[in-house]
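# Structural description and commentary
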Amino acid sequence: MSQIDENMDVQCNSDPIDGNCSENDEELSDEWEEMEEGDESAKCLFCEKSFKIFEEAFDHLKIGHKLSVVDLQEKYSMDQYLYIKMINFILGEKPCPEDIVSSDKCLWSDDRFLRPVEDERQNWLTFDFEDYIEEIGRKKLKESSALDDEIVSLPLHEFRGLQNALKMSLKRNQELEDANKQLQEIVENLRKSAIETLVEDDQEPKTKPVRDDESYFTSYSHYGIHQEMLCDEVRTLGYRDAIEKNRPSIEGKIVMDLGCGTGILSMFSAKAGAKSVVSVDQSDILYQAMDIARRNGFENIKFLKGRIEEVTLPHEKVDVIVSEWMGYLLLFEGMLDSVIYARDRYLNPNGILLPNRCTISLVGSGDVERYRERIGFWENVYGFDMSSMKDDVLREASVEVCQQDMIITESNTIIDLNLMTVDTSCYSFSYNFNLRVLRTGSLTSLVGYFDTYFDLPNVPVHFSTGPHVEPTHWKQVVFFLPKPLPVSPGDTISGTFDCQKNPQDTRSLLITIHLQDEVLKYNFM
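Residue positions within a chain follow its written sequence, with the count starting from 1. Residue-level local features of this predicted model are given only where pLDDT is at least 70; pairs of side-chain atoms are given and counted only at 80 or more, and the full residue set underlies all totals for whole chains, interfaces and linings. Each side-chain value is derived from all of the structure's non-hydrogen atoms; neither hydrogens nor water enter the calculation.

Here the focus is the environment of G263. For the purposes of this entry, the term helix denotes a DSSP run of H or I that reaches at least four residues, the term strand denotes a run of E that reaches at least two, and both are numbered from the N terminus. Along the polypeptide, G263 turns up in the loop between β3 (254-258) and α12 (264-271). Judged by relative accessible area, G263 falls into the buried class, the value being 3%. Taking C-alpha positions, G263 is 7.6 Å from I292, a pair spaced 29 residues apart along the chain. Exposure classes here rest on a 1.4 Å probe applied to the protein chains alone. A residue is buried below 20% of its type maximum, exposed above 50%, and partly exposed in between.

In structure tokens:
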């Protein structure tokens with residue numbers, strides 16, 4: 001990487017979302033070109049000391065001013081852009097090192113700090129910061145690999161830096177474990193609720209389907225599930241790109257964020273220039289979303305607590321409905337019903353839905369080891385035959401991450417939903433699949449996943465939850481077969497995939513797969 005990447009957006013004084021340069025872009029570009037011709041010496045950012053090379057200057061900042069640029073990089077995931085902003089912030093605002101170190105937030109995140117400040121220390125801006133950080137990482141890795149059983153002495157500040165990095169990693173790991181535990185509790189509560197409903201149904205005359213909305217919305221009051229969703233970069237950045245890269249579709253429009261959660265999609269929309277954002281959620285997390293919007297200075301986001309079918313919007317119609325409504329295998333949770341209601345009741349005739357299309361796909365897996373862990377396990381449990389459990393275990397569809405190298409067939413798209421026209425009958429569908437085998441193995445399960453599309457005029461955006469891409473918090477849904485099925489390249493696995501809502505719990509699904517004269521039924525709760 002050169003000291004200043006010729007393609008860096010900072011040469012264009014523009015909004016990073018729409019990418020249109022302002023009238024000052026030539027002036028800003030000239031300022032950067034002048035700085036590229038500077039020397040390699042560095043004068044301290046806080047005192048009058050000078051150094052022959054930048055590495056010495058960084059060491060001086062750490063020792064003399066107690067400000068470690070490496071620590072700041074780890075704290076804020078600082079890339080070359082953010083480094084440039086930091087230098088301009090220091091040169092322009094002249095903060096004390098203590099102010100920077102003690103701050104809980106990044107003080108230089110504003111894009112105005114991309115413009116160079118006239119100062120004799122401007123050559124700090126031309127330093128290849130990312131290469132410097134990578135070199136430090138390589139040195140640490142080399143030192144670590146050379147340790148083995150030897151005892152190596154480290155300077156105190158380096159030891160503390162490694163200690164802090166380890167603490168941050170352990171803390172992050174614990175947070176993810178806590179979030180996963182809370183999500184498992186939520187799924188378990190939904191499962192228990194469905195079982196209780198079935199028991200009650202055996203004792204009472206059938207009347208109408210049970211819709212346990214209270215448990216459903218309560219589950220989304222837990223913070224762990226929101227952290228897991230926000231940490232899912234495939235999901236969150238997919239929505240951000242769809243909104244920010246299609247600013248003309250958002251700017252000046254009235255936007256509804258349905259099931260807003262923490263309000264992240266509302267803030268993306270407001271940042272993209274929405275005239276007004278109406279954020280709706282029945283969960284108590286809405287109160288946190290209100291505070292988050294206030295803390296971030298968004299005054300054009302209005303929050304409504306309640307079901308979309310029951311609240312009264314401040315607008316007769318909206319121009320855009322954005323919603324992250326998808327559940328496991330897309331349709332689990334049944335929130336699409338609310339999206340369809342909002343579309344029919346509130347969306348302008350020429351309005352748009354984000355996303356506007358979703359598909360569900362099916363593929364075959366040959367993960368024999370995972371099959372043994374899940375199904376074969378019951379044949380010998382501490383010396384006891386518990387194989388009578390197999391039938392019940394097989395009926396439970398499993399939500400897990402499938403390894404790409406275990407996929408042995410081509411995929412079939414089993415349903416393609418145009419969300420602008422679909423109705424609530426979409427939960428019930430049947431598809432005759434034909435999966436062509438790609439390599440020799442044993443088919444142990446069928447795997448379901450979904451894709452999400454934002455078919456917009458400026459920049460279409462798409463993300464997948466399949467086993468062939470980066471895992472998401474949705475993972476995949478696995479339907480294990482009673483017995484592994486030997487297959488060879490060129491074979492075709494044919495069958496029928498039937499899906500319908502569970503009449504006793506409309507937020508769960510009942511799946512029936514017809515395969516080789518067998519009828520396999522799966523509860524998905």
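Before going further, it helps to examine the pattern of salt bridges. We define a salt bridge as a contact between a side-chain nitrogen of Lys or Arg and a carboxyl oxygen of Asp or Glu at a distance within 4 Å. If you walk through the whole model with that rule in mind, you get 25 salt bridges. Across the pair E316 and R345 runs a salt bridge whose closest N-O atoms are separated by 3.9 Å. Of this pair, E316 sits in the loop between β5 (301-305) and β6 (318-322) while R345 is found in helix α14 (residues 336-346), placing the two residues 29 residues apart along the sequence. Taking the relative accessible area as the measure of exposure, E316 reaches 57% and is therefore exposed. One salt bridge connects R370 with E373, and the closest N-O pair in it is separated by 3.4 Å. With R370 and E373 both in helix α15 (residues 368-374) and three residues apart, the pair spans about one turn of that helix.

Attention now goes to the side chain of R247. Along the chain, the position of R247 falls in helix α11 (residues 247-250). From its side chain, R247 meets the backbone oxygen of K271 in a polar contact 3.4 Å long. Pairs of N or O atoms are called polar contacts if they sit within 3.5 Å, as long as, within protein, a hydrogen donor faces a hydrogen acceptor (for residues adjacent in sequence, only side-chain-to-side-chain pairs).

So, on to the nonpolar core. Side chains of nonpolar character tend, in soluble globular proteins, to be buried together. Side-chain atoms within 4.5 Å link the members of a nonpolar core, which is a set of buried Ala, Val, Leu, Ile, Met, Phe, Trp, Tyr and Cys residues. Counting 86 residues, the largest nonpolar core has L336, F497 and I513 as the members making the most contacts within it. If near-sequence neighbours (up to four positions away) are discounted, L336 is found in contact with W325, L331, L417, L419, C426 and Y427. Membership of the second largest hydrophobic core comes to 35 residues, among which are F51, M78, L82 and L91. Note on contacts: a residue pair is in contact if any heavy atoms of the two residues lie within 4.5 Å.

So, on to the confidence of the model for the protein chain. Confidence scores labelled pLDDT are given residue by residue by the predictor and lie between 0 and 100. On average, residues of the protein chain carry a pLDDT of 83, and 79% of them reach 70 or more. For the protein chain, helix α8 (residues 213-219) is the element with the lowest average pLDDT, namely 47, and β6 is the one with the highest, namely 98. Contacts from residues 31-39, a stretch scored under 50 in pLDDT, to residues over four places away or in other chains number 16 contacts. Across residues 215-221, confidence stays below pLDDT 50; counting only partners more than four residues off in sequence or on other chains, it has 20 contacts.

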